[in-house]
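# Structural description and commentary
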Amino acid sequence: MSDDATARQRRVWQKAAPTYDRKIAGVERGLAAGGREWIGARAAGQVNTGSMIRRYSFDRRQQLIWAIRIQLRRRLIGLSERAGVSAVDVFEWQLGARNRGARAALLGAGMTRRIVLSDGLLADYTDDEIEVILAHEMAHHVHHDIRNGILLEFGLLLAAFYAGSAALLAWWRPRGLSGPSDPAGMRLLLLAGGAVMLGAAPLVNAFSRKNERGADRFALALTGLRGPFVTAMRRLG
């Protein structure tokens, strides 16, 4: 994203800041009690963010803070622009000592899209490895894999319910049920629907592997980092 676009977004945030507390108060009381205090204390004097950093609330155990590796930030923002999925900024996802998993994600859309990297990824992987891992995740956005996966699952659910309905209509009398809506027919419904989902498992697995291979090729073509790609994938297992 260009500097002008980033500046415009920051002006939007700063304009919203004075009334943010009042608008979000009810949500905070119910879902994020103490979250703002945690992130404000964590950010104070440690990162250069602007006033809005103190106005966001997240789960206290998994806080998002601004990434402080400036060169890596610029590199990843540039990567998102080359991929065609420009991100506003880069955040660190602090999972803590109990969870050192390496995670990278591209969240949001449009002017709210942002890059999130786990603390374990930042601590244990090189910048080249982080770049190629993130390029892989960006590929799923570029190829609309998430949308297509949701559509596939929705189609399978419809097929499973149709199979369950057909089974009930065909077998409720032979099974001695009072009608297709008899609760005792739940086992027949689950058996028919489960058979559809089980039969579709190879299709779902093939779809997933196709997406992953496409994301791998995209990451390699975008970054050209073959060595870091190999080492990163081996470490991720």
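Here we summarise the structure given alongside this text. (Residues numbered from 1 in each chain as written. Predicted model: local features only at pLDDT ≥ 70, side-chain atom pairs only at ≥ 80, totals over all residues. Heavy atoms only, no water.)

Moving on to the nonpolar core. Membership of the largest hydrophobic core comes to 28 residues, with the highest contact counts inside it found for L76, I115, L117, I130 and M138. Those elements giving two or more residues to this core turn out to be α3 (70–83), β3 (104–107), β4 (114–118), α4 (119–124), α5 (127–142), α7 (186–223) and α8 (226–236). When residues of this core are assigned to their parent elements, the largest contribution, seven residues, is made by α5. Filtering out sequence-adjacent residues up to four positions away, M138 remains in contact with L76, L79, S80, A83, V85, L106 and I115. (Core = buried A, V, L, I, M, F, W, Y, C linked by side-chain atoms within 4.5 Å. Buried < 20%, exposed > 50% of the residue type's maximum accessible area, 1.4 Å probe, protein only. Helix = DSSP H or I, 4+ residues; strand = E, 2+ residues; numbered from the N terminus. Contact = heavy atoms within 4.5 Å.)

The next thing to look at is the pattern of salt bridges. Throughout the structure, instances matching the rule amount to five salt bridges. Here D89 makes a salt bridge to R73, at a shortest N to O gap of 2.6 Å. Placement of D89 in the loop between α3 and β2 (90–94) and of R73 in helix α3 is noted, with a sequence separation of 16 residues between them. Accessibility expressed as a relative area gives 2% for D89, which makes it buried. For R235, the salt bridge identified is with E129, shortest N-O distance 3.0 Å. Of this pair, R235 sits in helix α8 while E129 sits in helix α5, and the two are 106 residues apart along the sequence. Relative accessible area serves as the criterion here: at 6%, E129 is assigned to the buried category. Overlapping salt bridges, with partners in common, bring together R75, R82, D128 and E131 in one network. (Salt bridge = Lys/Arg side-chain N within 4 Å of Asp/Glu carboxyl O.)

Burial of β2 is extensive: four of the five residues sit out of reach of the surface. In this sheet, β4 lies alongside β2 in parallel orientation, the contact comprising four bridges. In the sheet register, V90 faces β4, and the bridge partner there is I115. (Pairing = 2+ DSSP bridges.)

Another point: α3. Compared with an ideal rise of 1.5 Å per residue, which puts 14 residues at 20 Å, α3 spans 20 Å between its outermost C-alpha atoms and is within 8% of the ideal. Listed as buried for α3 are L72, L76, I77, G78, L79, S80 and A83. Where the residues of α3 are buried, they touch β2, β4, α4, α5 and α7. Downstream of α3 by a residue or two, G84 has a phi angle that is positive, lying close to 85 degrees. (Expected span 1.5 Å × (residues − 1).)

This next bit is on the packing of α3 against α7. Packed helix pairs are specified by the crossing angle of their axes together with the interaxial distance, meaning the distance between the axes. Relative orientation of the contacting elements α3 and α7 amounts to 115 degrees, with a least axis distance of 11 Å. The orientation of α3 relative to α7 falls into the category roughly perpendicular. The crossing of α3 and α7 is right-handed. Facing L79, R82 and A83 of α3, the residues of α7 in contact are F218, L222 and T223. (Axes fitted to C-alpha atoms, helices over the stretch in contact; angles between N-to-C directions. Parallel < 35°, antiparallel > 145°, perpendicular 65-115°, else oblique. Left-handed = near helix turned anticlockwise from the far one by under 90°.)

A separate point is the packing of aromatic side chains. The geometry of an aromatic ring pair is captured by two quantities: the separation of the ring centres and the angle between the planes. Applying the stated criterion to the full structure yields zero aromatic pairs. A cation over an aromatic ring shows up here: R235 above the ring of Y125, its NZ or CZ 4.0 Å from the ring centre. (Phe/Tyr/Trp six-rings, centres within 6.5 Å; stacked < 30°, edge-to-face > 60°. Lys NZ or Arg CZ within 6 Å of the ring centre and 35° of its normal.)

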